[in-house]
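Geometric and topological summary
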Amino acid sequence: MIDKRLFKLPKAKIMLAMLAGLMFLQAFAILGQGIFLARAIVGSWKRQSFANIAEDVLTFLIFYLLRQGINWFQKWYMNRYANQTTALLRQQLLNKTYDGGIALVSRIGTGNLVSTLLDGMDEISNYLSLIFPKLISLAIVPWVILIYIFTLNALSGWILLLVFPLLILFMIILGTAAQSKASKQYAGYIKLQNHFVDALRGLSTLKVLGLAKKYGNIVYKNSENYRKKTMGVLRVAILSTFTLDFFTTLSIAMIAMFLGIGLINGNLLLYPSLVILILSPEYFLPIRDFGNDFHATLNGKNALGQIFDILVFPTTPQENQLSSFTWNKDSVFIANNVSFNYSHIDQDHFSVNKNAKMSAVVKKEQTSADKTHTADELRNVNLKLTGFQKVGIIGPTGAGKTTLMRILAGFLTPHLKEDNFTINGQNLAQLNQKNWQNQITYIPQDPFMFATSIKENLTFYNPNASQKEIDELVKMLDGRMSDGSGHINVKINKDAHIEMEEVNIVSKMDCDSGDTACKIPNLPMDDDDDF
């Protein structure tokens, strides 16, 4: 349940010190509550007047209110700490996603990333607000109570002390089983998210290929697997709760039995026996809360562990190894046996056929050795571009066209070797180079338009464009956009998605770039367009 990286969170040491102080106060409040409640009951048993026991009742109420006040402050403080920490983690994750780009998103999956940033953060906030108080309470409160019980009756103290390790043992056994099942459940949840997003993105393609129903069955199968894993986690959680409740109830019953026998035989007094009986449930309360919250916070623990892993994911920073240049008719670009994979598993492997000169793709037959390799691979890609050419990359869905475009744009890093690429005679390991990216424009397959005016979308890549330049861009769209050139300042309506590709292309033309790399299937443009 505890990840060591938790203690490296911001202000974790201050928070732990604050909780330790609060838990010591709470332990003494519990003792005072039990002592004065027992004194009031014993006084009533002896038929004392209310005036004689009023002081004990009032003191009990003071300790009771003190305990409730400590609980309220602790919850407020931990909720505040959890919200601040999750806000910081969300910002760090967004920054990491921005730095990691497509390589990071492809590794963890879009659906998983979005879910982590939204629902995952709520789970993490709940985890942080519960785990630290329960842990500190378990480390302090039972032992303060146990020491006091030993001063009243050694036998009761030994019974409580011997049962505690037994509870810990069962909690470890069942907790390990629950952790294993919860990890599998979370992995199924991630798979379900990514499959769902992939299905939404590729729905039109699946319909064209006649595979929509088949893929729907795959999504349903993943959903059923996730449901079964969730039920498995719940079964272990219920068993764990039952075990804790059973042994704590049994131990309290044993103490009550020995105390009752002692009272009958005249070996014990009513007051210390009543104090022990009142404090015994309080002794077991922290471990019961810890065990119950263990299952309630498993998803938060898994989500937080995933965020920690993402934050240390290695990214390739933009470099300045490439000398400044301007692409011209004599410029030469060469890709030398470039290879790349994503690290997804159980997908078909494709490799580019070198002899086809980038015009065809062949499916590679898997051998037993290949089954250990990751998928979506490009292997030994060779390419040479000179001057101003129009080059088409053709291949079936899944062949790696988009992957290759992202590598050429510098968004993905291939297997590193010194001469992956050669630009004007200069060898480079990867293309995330400032001077290279200043020379290209990348248009993705699925462009995005912001919920603002057409004008602001057109000038997104060049916000300082002059009115004359804007007018020239508008002429390219005039007659094709439903709003017309006279309405470029009007906010885009919900039906403008049909023309997103055209606005995206024209906006990309309004930048100081040399070449344009496009991934544009079935672009709805007229036959006389020459973009």
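Scroll up to find the structure.
Here's what I pulled together on the structure shown here. (Residues numbered from 1 in each chain as written. Predicted model: local features only at pLDDT ≥ 70, side-chain atom pairs only at ≥ 80, totals over all residues. Heavy atoms only, no water.)

So, the overall build of the chain
Basically, it comes down to this: In DSSP terms, a helix is any run of H or I states spanning at least four residues, a strand is any run of E spanning at least two, and both are numbered starting from the N terminus. Think of it in three bands: with a 1.4 Å probe and only protein chains considered, a residue is buried below 20% of the maximum accessible area for its type, exposed above 50%, and partly exposed in between.
A count of helical and extended segments in the chain gives 13 helices and eight strands. Looking at the chain as a whole, 43% of its 531 residues qualify as buried.

With respect to helix 3 (residues 110-152)
For clarity, the cut-off: What a helix should span is 1.5 Å times the count of its residues minus one. The angle between axes fitted to the seven residues ending at a residue and the seven residues starting there is what we call the bend at that residue.
For helix 3, which comprises 43 residues, the first-to-last C-alpha distance of 61 Å matches the rise-based estimate of 63 Å (1.5 Å per residue) to within 8%. The axis of helix 3 is deflected most strongly, by about 45 degrees, at Gly120.

Some thoughts on the packing of aromatic side chains
Selection rule: Each aromatic pair joins two rings of Phe, Tyr and Trp (for Trp, the six-membered one) with centres within 6.5 Å, and gets the label stacked for planes under 30 degrees apart, edge-to-face for over 60, and tilted for any other angle.
This model, assessed by the stated rule, comprises 13 aromatic pairs. When the ring of Phe73 is compared with that of Tyr77, the centres are 6.2 Å apart and the planes differ by 20 degrees; the resulting orientation is stacked. A residue pair is termed a helical-turn pair when its members lie 3 or 4 positions apart in one helix, as Phe73 and Tyr77 do in helix 2 (residues 50-108) at four residues. Assessed through its relative accessible area of 27%, Phe73 is described here as partly exposed.

Some words on helix 8 (residues 298-311)
Along an α-helix, residues three or four positions apart point the same way, because every turn accommodates 3.6 residues. Helix length check: helix 8 (14 residues) gives 20 Å between terminal C-alpha atoms against 20 Å at 1.5 Å per residue, within 8%. With 11 of its 14 residues buried, helix 8 lies for the most part within the structure. Here helix 8 has its buried residues at Leu298, Gly300, Lys301, Asn302, Ala303, Leu304, Gly305, Gln306, Ile307, Phe308 and Ile310.

Regarding the pairing of strand 1 (residues 332-340)
Worth spelling out the cut-off: A pair of strands is treated as paired once DSSP finds two or more bridges between them.
As paired elements, strand 1 and strand 4 (residues 378-386) share six bridges and run antiparallel to each other. In the sheet register, Ile334 faces strand 4, and the bridge partner there is Lys384. Bridge count for strand 1 against strand 5 (residues 421-423) is three bridges, and the pairing is antiparallel. Bridge pairing links Ile334 to Thr422 in strand 5.

Thoughts on the side chain of Glu282
The cut-off we apply is this: The contact rule is simple, with two residues in contact once any of their heavy atoms fall within 4.5 Å.
Summarising the element assignment, Glu282 is placed in helix 7 (residues 270-296). The exposure class assigned to Glu282 is buried, which follows from its relative accessible area of 17%. In this structure, Glu282 is in contact with Ile30, Arg67 and Ile145, ignoring residues within four places of it in sequence.

Here's the deal with the pattern of salt bridges
To keep it simple, the criterion reads: When a carboxyl oxygen of Asp or Glu lies within 4 Å of a side-chain nitrogen of Lys or Arg, that pair is called a salt bridge.
A full pass over the atoms with the stated rule returns four salt bridges. Lys417 serves as the salt-bridge partner of Asp419, at 3.6 Å between the closest nitrogen and oxygen.

Description of the environment of Glu418
Of note, Glu418 is situated in the loop between helix 9 (401-409) and strand 5. Glu418 sits 11 residues away from Ala429 along the chain, and the two C-alpha atoms are 4.6 Å apart. Those residues in contact with Glu418 that sit more than four places away from it in its chain are Asn427, Leu428 and Ala429.

Concerning the side chain of Thr86
Going by this rule: Within 3.5 Å is the distance limit for a polar contact, defined as a pair of N or O atoms, with the added protein rule that one can donate a hydrogen and the other accept it, and that residues adjacent in sequence qualify only through two side-chain atoms.
Among the structural elements, Thr86 can be located in helix 2. Classification of Thr86 as buried rests on a relative accessible area of 6%. A polar contact is formed between the side chain of Thr86 and the backbone oxygen of Asn83, at a distance of 3.0 Å. Non-local contacts of Thr86, meaning those with residues more than four positions away in its chain, are made with Met121, Ile124, Ser125 and Leu128.

Some remarks on the nonpolar core
Operational definition: Buried Ala, Val, Leu, Ile, Met, Phe, Trp, Tyr and Cys residues form a nonpolar core when they are joined through side-chain atoms within 4.5 Å.
One finds Met15, Ile124, Leu128, Phe132, Ile145 and Leu304 to be the most contacted residues of the largest nonpolar core, which totals 63 residues. For this core, the secondary structure elements donating two or more residues are helix 1 (12-45), helix 2, helix 3, helix 4 (154-201), helix 6 (212-265), helix 7 and helix 8. Sort the elements by how many residues they give to this core and helix 3 lands first, with 16 residues. Residue contacts for Met15: discarding those within four places in its chain leaves Tyr77, Met78, Tyr81 and Phe132.

Describing the packing of helix 2 against helix 3
Rule in force here: In this analysis an axis means a line fitted to C-alpha atoms, helices contributing only their contacting stretch, and an angle means the value between N-to-C directions, from 0 to 180 degrees. Reported orientations rely on four angle classes, namely roughly parallel under 35 degrees, roughly antiparallel over 145, roughly perpendicular from 65 to 115, and oblique for the rest. For a crossing to be left-handed, the near helix must be turned anticlockwise from the far one by less than a right angle; the clockwise case is right-handed. Under the scheme applied, nonpolar residues are Ala, Val, Leu, Ile, Met, Phe, Trp, Tyr, Cys and Pro; charged residues are Asp, Glu, Lys and Arg; polar residues are all the others, including Gly.
Put simply, helix 2 and helix 3 touch, their axes get as near as 8 Å, and they point 155 degrees apart. Between helix 2 and helix 3, the angle is such that the two are roughly antiparallel. Helix-helix and strand crossings are classified by hand; for helix 2 and helix 3 the assignment is right-handed. Of the residues belonging to the contact of helix 2 with helix 3, the class tally is 14 nonpolar, 11 polar and one charged.

Observations regarding a nonpolar patch on the surface
Let me state the cut-off plainly: Residues with no salt bridge and a relative accessible area higher than 30% make up the patches, which join like charges within 9 Å and nonpolar side chains (Val, Leu, Ile, Met, Phe, Trp, Tyr) within 5 Å. Exposure was quantified through the Shrake-Rupley algorithm and a 1.4 Å probe, taking into account, for residues, occlusion by the shown protein chains and nothing else.
On the surface, a cluster of nonpolar side chains totalling about 830 Å² of accessible area is made up of Leu155, Leu239, Phe242, Phe246, Leu250, Met254, Met257, Phe258 and Ile261. With eight residues, the single largest contributor to the nonpolar patch is helix 6. Mapped onto the elements, Leu239 comes out in helix 6.

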